[in-house]
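Notes for the structure review
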Amino acid sequence: MDPLILSRIQFAANISFHILFPTITIALGWVLLFFKLRFNATGAEKWMDAYRFWVKVFALSFALGVVSGITMSFQFGTNWPGFMEAVGNVAGPLLAYEILTAFFLEAAFLGIMLFGFRRVPGWLHTTATALVAFGTTLSAFWILVLNSWMHTPAGYELRDGVVHATDWFAIVFNPSMPYRLAHMLLASGLTVSFLIAGFSAMRWLWGDRSDEVRATLRFGATLGAILIPIQIYAGDMHGLNTLEHQPAKVAAMEGNWETQGNVPLVLFAIPDQEARENRMEIAIPSVASLILTHSFDGEVPGLNDFVAEDGTIEHPPVAPVFYAFRVMVGLGFAMLALSWSSVWLMRRGRGVEGLPRPWIYAFVGMAFSGWVATLAGWYVTEIGRQPWLVTGVLTTKEAVGPVTGGMVASTLAAYLLVYAGLMTAYLGTLTYLARKAARHDPLTPDVPKPDAGIRVLQPGE
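Residues numbered from 1 in each chain as written. Predicted model: local features only at pLDDT ≥ 70, side-chain atom pairs only at ≥ 80, totals over all residues. Heavy atoms only, no water.

With that settled, the discussion passes to a nonpolar patch on the surface. Residues Leu267, Phe268, Ile270, Met280, Ile282, Ile284 and Tyr323 make up a contiguous nonpolar surface patch of about 640 Å² in total accessible area. Turning to its location among the elements, Ile270 is positioned in strand E3 (residues 265-272). Judged by relative accessible area, which is 33%, Ile270 ranks as partly exposed. (Patch = residues over 30% accessible without salt bridge, like charges linked within 9 Å, V, L, I, M, F, W, Y side chains within 5 Å. Areas by Shrake-Rupley, 256 points an atom, 1.4 Å probe, with all protein chains shown as cover. Salt bridge = Lys/Arg side-chain N within 4 Å of Asp/Glu carboxyl O. Helix = DSSP H or I, 4+ residues; strand = E, 2+ residues; numbered from the N terminus. Buried < 20%, exposed > 50% of the residue type's maximum accessible area, 1.4 Å probe, protein only.)

What follows is the structure, encoded as structure tokens:
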């Protein structure tokens, strides 16, 4: 058992589980703020009902995100000590900034957000919601700064194989950071929009015709319809940036073996890395060149340019990057079709009643499509960086620790079992909450009556 391969699989399992929950909380915090502001402005109880339901999803997702993030960070020391030894002068401060700014902000106001309604003035509860939402986004900012720097490092110098910062502005605003940050924030927004629409559709199928369900189903579909074209544009810009700084990754994404112009857009193929060709290829002529260079005869890098003279492969594994990219893009266009058609049908008909039943089922089926698309995009990003851990600075092989294959295999099995149990519990809890809400059972107990002479503050006071 190769410790390097097992360590990579273990870290991939950890980060795959972890990223699911920040993907929800980053955007859901802002959605909760929107629900609260709508309640404050209109007094409509449907918005407060939506807030009460989805704040529970936020709390559960936040808790699992924190716990899995701590587990993941431990692996920097146990499995990848070479990472901090080589780039700790940059990675350490960036992770510390995230804790000192974002995490402390979230921790300070999360309790007010979760338990303060009717116990603190309405303006304070709204402010707490806004600060928690800002904290989740700030946390994403710092993590993506570090991740982007690992892909496109800048503002540093090497001394005896150790990275030292020379320009923190260049480190933070490295060449890929703006594109990667925009892409991830939009991915979070799409994940939450389809999650809200999906669970609202589920409650609709269970017979819940409340104003809350009507509002949240329409909100989720509309938010998705707004964000998906922006995401497609942001993804295109991110692809052009990747072409400039990580051409081998783009070559793997496109399944392109030779550097040439008029490169076709490969819709489907079976990449054969040993034979250096695609099998069973279905492609549209010259479209890949058009997308990547905005010219039909534009030159696109080929994978064969990234093979050393001694035969050493210097490009990422082709098949996982190639397939994951198509899963991500395919789900993006499915989101576009479902959200746009649903908004059109609801505007043309009688709101949610204007949606045919197959569309309702489609939203249920797409409830976690954002998770799948995010994981696919993350695999493209991270596998596409191989064999580098920090591009041009540190390879993955150089960073792995002196752990035995048996030890990594046993802890990997334990992680997978725990994560499977946690995921089952998480999905079961969300379904339980949705079914309970569909029956109009109270999601929170009534606030105890105050003692004589004490008045409970009402929303907005």
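What follows concerns the pairing of strand E4 (residues 277-284). Alignment of E3 against E4, held across six bridges, turns out to be antiparallel. In the sheet register, Asp272 faces E4, and the bridge partner there is Glu277. The hairpin turn running from E3 into E4, its antiparallel successor, is four residues long, and Arg276 in that turn takes a positive phi close to 60°. (Pairing = 2+ DSSP bridges.)

Turning our eyes to something else, we now look at the packing of aromatic side chains. Counting across every chain of the model gives 24 aromatic pairs. Ring centres 4.2 Å apart and planes at 10° place the aromatic pair Phe17 and Tyr419 in the stacked group. Here Phe17, found in helix H1 (residues 3-42), pairs with Tyr419, found in helix H14 (residues 405-438); they are 402 residues apart in sequence, far enough to count as distant. Accessibility classification places Phe17 together with Tyr419 in one group, the buried group. Arranged with centres 6.2 Å apart and planes meeting at 65°, the rings of Tyr97 and Trp168 form a pair that is edge-to-face. One end of the pair, Tyr97, is in helix H3 (residues 81-115); the other, Trp168, is in helix H5 (residues 168-172), and 71 residues separate them in sequence. Since its relative accessible area comes to 32%, Tyr97 is described here as partly exposed. Note on Trp168: relative accessible area 31%, which makes it partly exposed. The ring of Phe322 is capped by Arg326, whose NZ or CZ atom sits 3.7 Å from the centre of that ring. It is Arg435 that lies over the ring of Trp206; its NZ or CZ is 3.9 Å from the centre. (Phe/Tyr/Trp six-rings, centres within 6.5 Å; stacked < 30°, edge-to-face > 60°. Lys NZ or Arg CZ within 6 Å of the ring centre and 35° of its normal.)

Geometric descriptors of this kind do not, in isolation, establish any biological role.
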